[in-house]
Amino acid sequence: MTTTQSTEVPTKSATAPATSTAVRVQNAVIKYGFIFVTVALFLYFALSEGSFRESATLLDTLRYVSVAAILGLGVTLTMAVGGMDMSVGAVAGLGVSVAAQTMVVFNQVGTVAIIAVLAAGALAGLLNALLIVVLKIPDMLATLGTMFVIQGSKLILVDGQSITPGMTLDDGSTAPGKFTAGFLKIDRGTVLGMPISVLVFGGLTVAAWVFLARTRWGRVLYAIGANPEASRLAGIRVGGYRALAYVLSGVLASIGGLILAARIGQGDVSAGTSQLLEAVAVALVGTSVLGRGRPNVWGTALGAVLIGIITTGLTIKGLPYYTQDVVEGAVLILALVFSFTLSKRRSS
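Residues numbered from 1 in each chain as written. Predicted model: local features only at pLDDT ≥ 70, side-chain atom pairs only at ≥ 80, totals over all residues. Heavy atoms only, no water.

> Before we go on, may I ask you to explain the overall build of the protein in this structure?
A tally of helices and strands in the protein yields 13 helices and two strands. Counting the 348 residues in the protein, one finds 46% classified as buried. Look at the contacts in the protein between residues 6 or more apart in sequence, and 75% of them connect residues 24 or more apart. Here the protein displays about 16,800 Å² of accessible surface, and carbon together with sulfur accounts for 67% of that area. (Helix = DSSP H or I, 4+ residues; strand = E, 2+ residues; numbered from the N terminus. Buried < 20%, exposed > 50% of the residue type's maximum accessible area, 1.4 Å probe, protein only. Contact = heavy atoms within 4.5 Å. Areas by Shrake-Rupley, 256 points an atom, 1.4 Å probe, with all protein chains shown as cover.)

Okay, here's the thing in structure tokens:
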């Protein structure tokens, strides 16, 4: 018996450090793997393409992703309460049409257009909240329905035509207005060399982070997403907070629509259509950042930056546009592996 005991002890001591090292490596991969992928891709494009390193290119990359990032922040808020807003792209497109209608058709100033767009976004969020909270329709189905209603209504209001300065109206007259110079600066202007749209993106990211991570309301949203029934029993007005998340998502989507309208300078009826997938992608990618496995603002922002790096880098290298979808899809799958597969193994 003495001999048996002496041979067992070294076996345990030899396997323990190996197991501990494997766990530490796995935890490091889960926590920092996605950040490493982002940095690695950035360095690859920066070292292989000189134009990628130029400050103008980097600023244009941030400017390009600003719309998807802001929409992604709205999706992040709804994910925090256990939902998903599939209408953000349509709401952004609605913002483009409302801005064009206000300035081009009704000949109003940019300030009026901004107020009208934000109001339209809030109303879209309220519609989602009504369907989800009051009528008890599942989040994804409700917001998909809202998406189709908004897209169809937008086309009906303008007879399926884009709104452009100088266009002929239904009564035969010419549209009297145009996109004002001040409004166009929302995307085309700069402050101290930094694009205004990028500053808006950064400011909203910080504000959303403070709201979710540093206020009681944000902690309540996460609590509802984790266990809505327990939150209800704790006295939390679950319906009210879920409604708040969707209204805020609608407002954020409308801000993205303002930037998009200033970027294209007309009421393009197809605007916002492609933004939905990117917004959802950056929000889902963000769940893998720092191994949190839950929606978080900084993760969403980093996900948007990564999408921008991939798109800009592949474009500079001259790859066809359709290859970007393949790479972005692969990155999303990788992020989901970090968020769900590896994190579940760590927890088990």
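> How should I be thinking about the packing of helix H7 (residues 196-214) against helix H12 (residues 297-316) in this particular structure?
Any two packed helices are characterised by how steeply their axes cross, that is the angle between the axes, and by the distance between the axes. Relative to each other, H7 and H12 sit at 155°, their axes nearing to 9 Å. Considering their axes alone, H7 and H12 lie roughly antiparallel with respect to each other. Where H7 approaches H12, its residues Phe201, Thr205, Val206, Ala208, Trp209 and Leu212 are matched on the opposing element by Val297, Trp298 and Ala301. The residue inventory of the contact of H7 with H12, partitioned by class, reads eight nonpolar, one polar and no charged. (Axes fitted to C-alpha atoms, helices over the stretch in contact; angles between N-to-C directions. Parallel < 35°, antiparallel > 145°, perpendicular 65-115°, else oblique. Nonpolar A, V, L, I, M, F, W, Y, C, P; charged D, E, K, R; others polar.)

> Just checking my understanding: could you explain the packing of helix H8 (residues 216-226) against helix H10 (residues 238-264) for this structure?
Closest axis-to-axis distance for the H8/H10 pair is 10 Å, and the angle between their directions is 105°. Between H8 and H10, the crossing angle belongs to the class labelled roughly perpendicular. Counting all contacts with H8, which are made through Arg216, Trp217, Val220, Leu221 and Ile224, the residues of H10 involved are Val238, Tyr241 and Arg242. When the residues that make up the contact of H8 with H10 are grouped by side-chain class, the tally is six nonpolar, no polar and two charged.

> So what exactly am I meant to see when it comes to helix H5 (residues 139-157) here?
Given 3.6 residues to a turn, an α-helix orients residues that are three or four positions apart in the same direction. Between the first and last C-alpha of H5 there are 27 Å, a value that for 19 residues agrees with the 27 Å anticipated at 1.5 Å per step. Along H5, the residues classified as buried are Asp139, Ala142, Thr143, Thr146, Met147, Ile150 and Lys154. Angularly, the buried residues of H5 cover 145° about the axis, an arc narrow enough to put them on a single face. Residues of H5 that are exposed and point over 90 degrees away from its buried face: Leu141, Phe148 and Ile156. Along its buried surface, H5 packs onto helix H3 (88-105), helix H4 (110-134), H10 and helix H11 (275-286). (Expected span 1.5 Å × (residues − 1). Arc of directions from axis to C-beta.)

> Any chance you could explain the nonpolar core here in plain terms?
Within soluble globular proteins, side chains that are nonpolar tend to cluster in buried spots. Formed by 71 residues in total, the largest nonpolar core has its most connected members in Phe179, Phe183 and Leu212. Ranked by the residues each element gives to this core, the list is headed by H3, at 12 residues. Phe179 has contacts with Ala100, Met103, Val104, Leu184, Ala261, Gly265, Gln266 and Gly267, leaving out every residue within four places of it along the chain. Formed by 12 residues, the second largest nonpolar core is a distinct cluster that contains Phe34, Ala46, Val289 and Ile310. (Core = buried A, V, L, I, M, F, W, Y, C linked by side-chain atoms within 4.5 Å.)

> Explain helix H6 (residues 181-188) to me, please; I cannot follow it from the model alone.
When H6 is considered as a whole, its buried residues turn out to be Phe183, Leu184, Ile186 and Asp187. Down the axis of H6, the buried set is contained in an arc of 130°. They therefore lie on one face. Exposed positions of H6 whose direction lies more than 90 degrees from the buried face are Ala181, Gly182 and Lys185. Of the surrounding secondary structure, the elements contacted by the buried residues of H6 are helix H2 (55-80), H3, H4, H7 and H10.

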